[in-house]
Amino acid sequence: MSEETLGEGASEGIAGMEGFVSGDGNAQPGAEATAVHEETGTQYAALSGGDGLWRIDHMRVGGPYEVTVSAPGFASQTKDGLHLSAGEVLPVEFHLHSESIED
């Protein structure tokens, strides 16, 4: 999945987010991180690597953003109300837990 790149002049600056995703205490590769700029609906996405790390660059400054991380077999997790300043790379960590299986 690719991340969205803003066109020239789309914002007064650019920023980003990065983080670590763990699943039941271990690095979680292949987790999908999706950030949504709530005012515009602009979406950005990245997948975590083998080390559980993900990064999205070239994001619109401001916010609020809602970030959701999901991975197969784990309950999704969302953090909202996040704001970015120009030149900032905001750290956002997620600790996922196995989905419970109900009969």
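The coordinates are above.
Residues numbered from 1 in each chain as written. Predicted model: local features only at pLDDT ≥ 70, side-chain atom pairs only at ≥ 80, totals over all residues. Heavy atoms only, no water.

Novice: An account of the overall build of the protein chain is requested, with residue identities and associated values reported.
Specialist: Within the protein chain, the regular secondary structure consists of 0 helices and 9 strands. Ordered by position from N to C terminus, the α and β elements of the protein chain give β-β-β-β-β-β-β-β-β. Taking all 103 residues of the protein chain together, 36% fall into the buried category. Looking at the protein chain as shown, the accessible area adds up to about 5,700 Å², and 47% of this sits on carbon and sulfur atoms. (Helix = DSSP H or I, 4+ residues; strand = E, 2+ residues; numbered from the N terminus. Buried < 20%, exposed > 50% of the residue type's maximum accessible area, 1.4 Å probe, protein only. Areas by Shrake-Rupley, 256 points an atom, 1.4 Å probe, with all protein chains shown as cover.)

Novice: Tell me about the pattern of salt bridges, and name the residues and values.
Specialist: Scanning the model with the defined rule gives 2 salt bridges in all. Across the pair E18 and R55 runs a salt bridge, and its minimum N-O distance is 2.8 Å. Here the residue E18 occupies a position in strand β1 (residues 14-23), and R55 occupies one in strand β5 (residues 53-60), the gap between them amounting to 37 residues. Under the relative-accessibility criterion, R55 is labelled partly exposed at 38%. Measuring nitrogen to oxygen at the nearest pair gives 2.8 Å for the salt bridge that ties D57 to R55. For D57, a relative accessible area of 25% translates into the label partly exposed. Within this structure, E18, R55 and D57 form a network of salt bridges that share partners. (Salt bridge = Lys/Arg side-chain N within 4 Å of Asp/Glu carboxyl O.)

Novice: Outline a negative patch on the surface, listing residues and values.
Specialist: Taken together, the side chains of E38, E39, E66 and D80 define an acidic patch exposed on the protein surface. Along the chain, E66 turns up in strand β6 (residues 62-70). (Patch = residues over 30% accessible without salt bridge, like charges linked within 9 Å, V, L, I, M, F, W, Y side chains within 5 Å. Lys, Arg positive; Asp, Glu negative; His and termini not counted. Charge placed at Lys NZ, Arg CZ, Asp CG, Glu CD.)

Novice: Provide a residue-level description of the environment of V89, including the pertinent values.
Specialist: Within the secondary structure layout, V89 lies in strand β8 (residues 89-91). The class for V89 is partly exposed, based on a relative accessible area of 30%. Not counting residues up to four positions away in its chain, the partners in contact with V89 are G16, M17, E18 and R55. (Contact = heavy atoms within 4.5 Å.)

Novice: Go over the packing of aromatic side chains, please, and point to the residues and values.
Specialist: Ring pairs (aromatic) are described by centroid distance and by the angle formed between their planes. One pass over the structure, following the stated rule, counts 1 aromatic pair. Where Y44 meets Y65, the ring centres are 6.2 Å apart and the plane angle is 55°; that geometry is what we call tilted. Note that Y44 is positioned in strand β4 (residues 43-47) and Y65 in strand β6, a separation of 21 residues in sequence. (Phe/Tyr/Trp six-rings, centres within 6.5 Å; stacked < 30°, edge-to-face > 60°.)

Novice: An account of the sheet that holds strand β3 (residues 32-37) is needed here, citing residue identities and associated values.
Specialist: One open sheet holds the 4 strands; their spatial order is β4-β3-β6-β7, and the pairing between them is antiparallel. Taken across any chain shown, the strands that pair with only one partner, and hence form the sheet edges, are β4 and β7 (77-84). Adjacent strand axes in the sheet meet at a mean angle of 20° when their direction is disregarded. Across 6 bridges, β3 lies against β6 in antiparallel orientation. Note on β6: the bridge partner recorded for A35 is V67. (Pairing = 2+ DSSP bridges. Axes fitted to C-alpha atoms, helices over the stretch in contact; angles between N-to-C directions.)

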